[in-house]
Amino acid sequence: MSDIKPYTIAVPDEALARVKSKLDSFDLPKNVDFENDWNYGAPAADIKRLANYWRDCFDWRAQEKRMNQMPQFTTEIEVDGFGALNIHFVHQKSSGSNSIPLLFCHGWPGSFLEVEKILPLLTEVQNGVSFHVVAPSLPNYTFSDGVSKKGFAPKQYAETLHKLMLKLGYNKYVTQGGDWGYVITRQLGVDYPESCVASHINMAFRGPPEFKQTPWTWLQHLFTPW
């Protein structure tokens, strides 16, 4: 579609200079004899070492070059009650003739980079199976727009990603999610079961058992010391 635009990561030199300036000028606490004791927080020696590395050794441009090897795009998605959000995403198609559209949803704190290492494995045809991979930056993360209104919850995240998949021509798709991505992909399955036909999760949450549903399990939970 015409409003799906290729995206290249290119952080301005001025932004990198500001980071280095902050690393040059930050103040450490006053020296004390326990400053390198983990029992009292991050060791001062490690803070200095890390600051020196990020200021003098880390090559952001090399990382940009690596990340830009993935096919990235942006497009606007209209979210009910929140207007249009510019959404960044990786979209790597497989050469397979019957590839499955896969929505890969990152966690928190995380980013679309969670898909980077497995992207070639997912798109390559193996035993007759392959995937067209869509790995968005969630709203409020990395290169997608932030939200300025209250109330943007899993339902709105799911709406955003579902509309993105439809916009890319994937009326039926499968999902992968872990951590925060698990919550969102589960919401996709609840709200859009006609499109989200299967989900793989690598993390799940649960609360304590409820008395009305499982009274014996509830009692066990109540009296278990751990």
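Predicted, not measured: the structure shown is a model, and the values here were computed from it.

Visitor: Would you mind going over the overall build of the protein chain with me for this structure?
Guide: Counting its regular elements, the protein chain contains 7 helices and 7 strands. When the helices and strands of the protein chain are placed in sequence order, the string is β-α-α-α-β-β-β-α-β-α-β-α-β-α. Relative to the compact-globule value of 17 Å for 226 residues, the protein chain shows a C-alpha radius of gyration of 22 Å, a clear excess of over 25%. Burial analysis of the protein chain (226 residues in total) assigns 35% to the buried set. Across the protein chain, every contact between residues at least 6 apart in sequence was considered, and the portion connecting residues at least 24 apart equals 68%.

Visitor: What should I look at first to understand the environment of Ser 199 in this one?
Guide: As for its position among the elements, Ser 199 is in strand β7 (residues 196-201). When the C-alpha positions of Ser 199 and Gln 176 are compared, they lie 5.8 Å apart, and in sequence the two are 23 residues distant. Those residues within four positions of Ser 199 in sequence are excluded, and the remaining contacts are Thr 175 and Thr 185. Engagement of the side chain of Ser 199 in a polar contact is seen with the side chain of Thr 175, the distance being 2.7 Å.

Visitor: Please clarify how the side chain of Ser 111 should be interpreted in this entry.
Guide: Mapped onto the secondary structure, Ser 111 falls in the loop between β4 (100-105) and α4 (119-123). For Ser 111, a relative accessible area of 11% gives the class buried.

Visitor: In this structure, what is going on with unusual backbone geometry? I would like to understand it.
Guide: As a rule of thumb, non-glycine residues mostly have phi less than zero, and peptide bonds are mostly trans rather than cis. In this chain, Trp 108 is followed by Pro 109 through a cis amide linkage whose omega measures -10°. Along the chain, Pro 109 falls in the loop between β4 and α4. With a phi close to 80°, Asn 140 is a non-glycine residue in the positive phi region. Position of Asn 140 relative to the elements: it lies in the loop between β5 (131-136) and α5 (154-167). Phi at Thr 142 takes a positive value of approximately 40°, unusual for a residue other than glycine. Position of Thr 142 relative to the elements: it lies in the loop between β5 and α5.

Visitor: Sorry if this is basic, but what is going on with the packing of helix α1 (residues 13-25) against helix α2 (residues 44-56) here?
Guide: When two helices pack together, their arrangement is captured by the angle between the axes and the distance separating the axes. Running from N to C, α1 and α2 cross one another at 150°; their axes reach a closest spacing of 9 Å. Here α2 runs roughly antiparallel to α1, going by the angle between their axes. Crossing angle aside, the handedness with which α1 passes α2 is left-handed. Across the interface between the two elements, Lys 20, Leu 23 and Asp 24 of α1 pack against Ala 51, Trp 54 and Arg 55 of α2. Of the residues in the contact of α1 with α2, the class split is 3 nonpolar, no polar and 3 charged.

What counts as what
- Residues numbered from 1 in each chain as written.
- Predicted model: local features only at pLDDT ≥ 70, side-chain atom pairs only at ≥ 80, totals over all residues.
- Heavy atoms only, no water.
- Helix = DSSP H or I, 4+ residues; strand = E, 2+ residues; numbered from the N terminus.
- Rg over C-alpha atoms; globule rule 2.2 N^0.38 Å.
- Buried < 20%, exposed > 50% of the residue type's maximum accessible area, 1.4 Å probe, protein only.
- Contact = heavy atoms within 4.5 Å.
- Polar contact = N/O pair within 3.5 Å; in protein donor to acceptor, adjacent residues only side chain to side chain.
- Axes fitted to C-alpha atoms, helices over the stretch in contact; angles between N-to-C directions.
- Parallel < 35°, antiparallel > 145°, perpendicular 65-115°, else oblique.
- Left-handed = near helix turned anticlockwise from the far one by under 90°.
- Nonpolar A, V, L, I, M, F, W, Y, C, P; charged D, E, K, R; others polar.

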